[in-house]
Amino acid sequence: MTDKVVILVTAGKLAEAKRIAKHLIEAKLAACVNITQPVQSIYRWEGRIAHDQEVLMIIKSTRELFPEVKAAVCERHSYKTPEVICLPIVDGSEGYLQWIADSVRATTVP
C-alpha cells in the first residue's frame, strides 16, 4: 500500500472542472488532474432518478493532502453535494509514484 491516492470528482461543466483542476495544481495539492470527455451519470437525487452529462476529474495526490483537496473542491464547486471520493493507490510504477510525491506540497508527519 502506498500513501498515494486517486480522487474522483464530477462536475457539470468542463469550465468548472478546469478551474478546480488549475487551483489544485497551482496549490500543489495534486500532481495531475485528468478531465474526461463527458460521461453520462444516472443517479438518485432528492427522490428522483436523474440523467445528466458530467465531466470526471481523476486527481492524483497523497492521502495526507486529501482533506485539503476535499475542502478546496467543495469551496469551488457549484454542486450542493459534490462527489469527492478518495481511493488508495495500492501499487504502481516507482517512478510515477515518486513523481506524484515530488509534484505535491510536502506534508509534515507529527
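Residues numbered from 1 in each chain as written. Predicted model: local features only at pLDDT ≥ 70, side-chain atom pairs only at ≥ 80, totals over all residues. Heavy atoms only, no water.

Undergrad: An account of the overall build of the protein is requested, with residue identities and associated values reported.
TA: From N to C terminus, the protein includes three helices and five strands. Counting helices and strands in the order they occur from the N terminus, the protein gives β-α-β-β-β-α-β-α. For the protein, the spread of C-alpha atoms along the principal axes amounts to about 45 × 25 × 25 Å. Across the 110 residues in the protein, those meeting the buried criterion constitute 36%. Put simply, of all contacts in the protein between residues at least 6 apart along the chain, 73% involve residues at least 24 apart. (Helix = DSSP H or I, 4+ residues; strand = E, 2+ residues; numbered from the N terminus. Buried < 20%, exposed > 50% of the residue type's maximum accessible area, 1.4 Å probe, protein only. Contact = heavy atoms within 4.5 Å.)

Undergrad: How would you summarise the environment of Val 90 if you had to cite specific residues and measurements?
TA: Within the secondary structure layout, Val 90 lies in the loop between strand S5 (85–88) and helix H3 (94–103). In this structure Val 90 comes out as exposed when scored by relative accessible area, which is 52%. For the pair formed by Val 90 and Val 5, sequence separation is 85 residues and the distance between their alpha carbons is 8.5 Å.

Undergrad: So what about the pairing of strand S1 (residues 4–11)? Which residues, and what values?
TA: Regular strands show a simple pattern: their side chains alternate between the two faces of the sheet. For S1, the tally of buried residues reaches seven of eight residues, placing the bulk of the element in the interior. Pairing of S1 with S5 involves four bridges; the strand directions are antiparallel. Looking across to S5, one finds that Val 6 is bridged to Leu 87. (Pairing = 2+ DSSP bridges.)

Undergrad: Kindly report on the side chain of His 77, identifying the contributing residues and their values.
TA: Along the chain, His 77 turns up in the loop between helix H2 (66–76) and S5. If we ignore the near neighbours within four places in the chain, the residues touching His 77 are Val 9, Thr 10, Ala 11, Glu 16, Ile 20 and Pro 82.

These figures capture arrangement, not role.
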